[in-house]
Number of protein chains: 2
Amino acid sequence: MDLRTLRYFSAVVREGHFGRAAASLGIAQPPLTRQIQKLERDLGVSLLQRTRKKFEVTPAGRLLYERAGRLLDGADQTEADVRRAGTGETGRLVIGFVHSNTFTILPGAVARFRAAYPDVEMDLREMRHDNLVAGLENGGIDVGLLRPPVSSRALQAVTLIHEPFLALVWSGHRLAARRTVQLGQFASEPFVMYSRIGAPLIHTRVMEMCKRAGFAPRIAQYADQIDTVASFVAAGIGVALAPSTVTSFNMPSLRCLRIADRPAPLAMGVMWRTGNASGLVRNFTRVAREAAVVWRPLALLD
Amino acid sequence: MDLRTLRYFSAVVREGHFGRAAASLGIAQPPLTRQIQKLERDLGVSLLQRTRKKFEVTPAGRLLYERAGRLLDGADQTEADVRRAGTGETGRLVIGFVHSNTFTILPGAVARFRAAYPDVEMDLREMRHDNLVAGLENGGIDVGLLRPPVSSRALQAVTLIHEPFLALVWSGHRLAARRTVQLGQFASEPFVMYSRIGAPLIHTRVMEMCKRAGFAPRIAQYADQIDTVASFVAAGIGVALAPSTVTSFNMPSLRCLRIADRPAPLAMGVMWRTGNASGLVRNFTRVAREAAVVWRPLALLD
DNA sequence: ATGTTCGATACCCAATTGGTATTAGGAAAA
DNA sequence: TTTTCCTAATACCAATTGGGTATCGAACAT
């Protein structure tokens, strides 16, 4: 008893006529007759009471007709649902992201994705960079928004946006009126520094830039997250180098200055496990790329 | 997407291994591999994430696995139910019967049938002979317990039991002490007679017997049903000729006498529409026949 | 390194399915 | 009553599909 046969039987009962049923099924009448006979033989049950020219449906036939209808509906629904799941239109997507995203591509990407795939359940998790990488590797996280590069062969990455570094000073600072600053001018300034564990990449980059400018920064304060860094600077604790995302904060006593020698910007990307063919991941990364195209760092608007 | 393919896919996911799945399905591994590939092609969805030697089930595959399990269970259940319906183990059986049955084969047949087929819903309807015949012909009644013969080509009948006629008198009657009576001795007796419309067959038979015995009965009272006839006789209103069923009544003032020339007994049979292959009807008629074999008219016990 | 395991592929055969032509038997019309 | 039409069943043929055997290639274990 397979679904095709049930479809045939359903059509015969529905139409009450082998010829019309065959036509509606797109096959000829003789094979249809044979299939119904075979079904009856297989079940060992007479489903139609035949009188050479007409037929009546037996009680067993009526029962099968009802059940077959439900089974066929269920099968069609399943097929549709599996297709949708396969193309990533339904299901559950676990998205990990590092804090920096909160003010850049995450909001736009999530909004666009929800609009495009309303039936996908999104599980958003803010995580530290290292946990996120581990989660992506062991499958706990489907897709991650974090800063490349990540030295894992198991992961695949696409860079979405580049955020230039800006120099941050408080409004009372001697350089606050400047539009552009030479990094060397920060040589003796106290620094508000991204912590090594909270943001290893930025930490490294800042140290590197200072070194290139010929000095080692005197660290007055560590902070984990960009908003903390910004508020410390605004409070006059020190200067800082931070990605352009800071411009999305409305802090009156914070000044964001361009850096004269234009250091390489920080990247933000989307990553997933290599070979994860899930439509959900494919769709999310595509939407994230679309969101990134639209995204403009505020500092570059002028 | 047919049920066989779903069974295959289910086995693969369940076993987590193509070889074992193929073995459990009783087929070789290569065709199984091909069927799964075909399923994925048909759905346009990758169900298994293959790594040359192992595989993982994708979210879409997991969804299909769950749904497939339910569909297959449903299909198996349907198959079993239809089989049972076809063999007459389930369903609804409308049984029509004439009143006379109440004291003969009906109770036994119903009890046996219910015991043998507890899942069949029985709809028991007492009806007049003519309505019962009409019901059987138009399909409103599946099977009838009534007195043959019935002159309908559309109906098929099996005689179950024969009930001999007995002569009934009240205990104060001049013949009450007799064991056997000649019908001629009733020539001038007042008769309690079955009505023509209530029991046309018995009415005719009684008239016929009297005529054969050389007299026309003087009718003192008409009655429709055997218990009414018996109680009228017991009340001394007249004598009567009735089927042996009367002996099942415990009426102290009623005497049942044998009739000397042993008139042909009344038959009681089971009837159904010709060509009604319903297992329910087949089963009921069989059980009724079994019940009839066991049934013994009380009057014949001595 | 080497053998083993496991899914994939190639190729073949059998079974199943569908199509065309025709038959048989009722039902309706003449 | 006879004829014609209609409908399911049958006979036969072709094409597709499904399953089997042999074998491969890559990955894992020894």
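An account of the accompanying structure is given in this report. This one's a predicted model, so the numbers in the text were calculated from it and none came from an experiment. (Residues numbered from 1 in each chain as written. Chains lettered and ligands numbered in written order. Predicted model: local features only at pLDDT ≥ 70, side-chain atom pairs only at ≥ 80, totals over all residues. Heavy atoms only, no water.)

**Some details on the protein's contact with DNA strand D**
Phase 1: Lining the immediate environment of DNA strand D, one finds 22 residues, of which A:Thr33, A:Arg50, B:Tyr8, B:Ala28 and B:Arg34 sit closest.
Phase 2: Of all atoms in DNA strand D that approach within 4 Å of the protein, 67% are sugar or phosphate atoms.
Phase 3: Within the backbone of A:Gly19, a nitrogen or oxygen atom sits 3.3 Å from a phosphate oxygen of DNA strand D.
Phase 4: Residue B:Arg4 places a side-chain N or O atom 3.1 Å away from a phosphate oxygen belonging to DNA strand D.
Phase 5: Every element with two or more residues in the surface near DNA strand D is listed here: α2 (18–25) and α3 (29–43) of chain A together with α1 (3–15) and α3 (29–43) of chain B.
Phase 6: Per-element tally for the surface near DNA strand D: the top contributor is α3(B), with five residues.
Phase 7: Residues that form the surface near DNA strand D fall into these classes: eight nonpolar, six polar and eight charged. (Near = heavy atom within 4 Å. Polar contact = N/O pair within 3.5 Å; in protein donor to acceptor, adjacent residues only side chain to side chain. Helix = DSSP H or I, 4+ residues; strand = E, 2+ residues; numbered from the N terminus. Nonpolar A, V, L, I, M, F, W, Y, C, P; charged D, E, K, R; others polar.)

**Some words on the protein's contact with DNA strand C**
Phase 1: With respect to spatial proximity, 23 residues lie near DNA strand C, and among them A:Tyr8, A:Ala28, B:Thr33, B:Arg50 and B:Lys53 are the closest.
Phase 2: Among the atoms of DNA strand C lying within 4 Å of the protein, the sugar-phosphate backbone contributes 68%.
Phase 3: The separation between a phosphate oxygen of DNA strand C and a polar side-chain atom of A:Gln35 is 3.2 Å.
Phase 4: B:Arg50 has a polar side-chain atom sitting 2.5 Å from a phosphate oxygen of DNA strand C.
Phase 5: For the surface near DNA strand C, the secondary-structure elements that each account for two or more residues are α1 (3–15) and α3 of chain A together with α2 (18–25) and α3 of chain B.
Phase 6: Of the residues belonging to the surface near DNA strand C, the class tally is eight nonpolar, seven polar and eight charged.

**Let's talk about the packing of α1(A) against helix α4 (residues 59–86) of chain A**
Residues and elements named next belong to chain A.
Phase 1: Where α1 meets α4, the closest approach of the two axes is 9 Å, and the angle between their N-to-C directions is 125°. Overall, the two elements α1 and α4 adopt an arrangement that is oblique. The handedness of the crossing between α1 and α4 is left-handed. Facing Leu3, Leu6, Arg7, Phe9, Ser10, Val13 and Arg14 of α1, the residues of α4 in contact are Gly61, Leu64, Tyr65, Ala68, Gly69, Leu71, Leu72, Ala75 and Asp76. (Axes fitted to C-alpha atoms, helices over the stretch in contact; angles between N-to-C directions. Parallel < 35°, antiparallel > 145°, perpendicular 65-115°, else oblique. Left-handed = near helix turned anticlockwise from the far one by under 90°. Contact = heavy atoms within 4.5 Å.)

**A few points about the interface of chain B and chain A**
When the parts of a complex come together, some accessible area is lost, and that lost area is often taken as the interface size.
Phase 1: Chain B puts 28 residues into the contact, and the matching count from chain A is 28 residues.
Phase 2: With both chains or domains summed, chain B and chain A bury close to 2,500 Å², and 65% of this area falls on carbon and sulfur atoms.
Phase 3: Here chain B is connected to chain A by four salt bridges.
Phase 4: Measuring nitrogen to oxygen at the nearest pair gives 2.5 Å for the salt bridge that ties B:Asp81 to A:Arg67. (Buried area = accessible area lost by both parts, 1.4 Å probe. Salt bridge = Lys/Arg side-chain N within 4 Å of Asp/Glu carboxyl O.)

**Concerning the sheet that holds strand β4 (residues 120–126) of chain A**
All names here are of chain A.
Phase 1: The strand order across the open sheet formed by five strands is β4-β3-β5-β13-β6, and the pairing between neighbours is mixed. Looking at which strands have only one partner, the edges of the open sheet turn out to be β4 and β6 (155–163). Direction aside, neighbouring strands of the sheet carry axes that sit 20° apart on average.
Phase 2: Relative to strand β13 (residues 266–273), β6 is paired through eight bridges, and the arrangement is antiparallel. Across the sheet, Val158 pairs through a bridge with Val270, a residue of β13.
Phase 3: Helix-sheet contacts for helix α9 (residues 279–294) involve β3 (91–97), β4, β5 (143–146), β6 and β13, and the interaxial angle to β3 is about 50°. (Pairing = 2+ DSSP bridges.)

**Some details on the pattern of salt bridges**
Phase 1: Within the structure shown, the criterion is met by 38 salt bridges over all chains.
Phase 2: When the shortest N-O distance is used, the salt bridge between A:Arg92 and A:Asp123 registers 2.7 Å. Pair noted here: A:Arg92 is in strand β3 and A:Asp123 is in strand β4, with a separation of 31 residues, a long-range link.
Phase 3: You can call A:Asp123 buried: its relative accessible area is 18%.
Phase 4: Residues B:Arg128 and B:Asp130 are paired through a salt bridge, measuring 2.8 Å at the closest nitrogen-oxygen approach.
Phase 5: Here B:Asp130 falls in the partly exposed class, since its relative accessible area comes to 39%.
Phase 6: Overlapping salt bridges bring together A:Arg92, A:Glu121, A:Asp123 and A:Arg125 as one network. (Buried < 20%, exposed > 50% of the residue type's maximum accessible area, 1.4 Å probe, protein only.)

**So, the side chain of B:Asp142**
Residue and element names in this part refer to chain B.
Phase 1: Structurally, Asp142 can be placed in the loop between α6 (129–138) and β5 (143–146).
Phase 2: Among buried charged residues, Asp142 stands out as having no salt bridge; its nearest opposite-charge side chain is Arg273, 6.1 Å away.
Phase 3: Within the structure, the side chain of Asp142 is placed 2.9 Å from the backbone nitrogen of Val94, a separation counted as a polar contact.
Phase 4: Apart from residues lying up to four places away in sequence, Asp142 is in contact with Arg92, Leu93, Val94, Leu136, Met271, Trp272, Asn276 and Val281. (Lys, Arg positive; Asp, Glu negative; His and termini not counted.)

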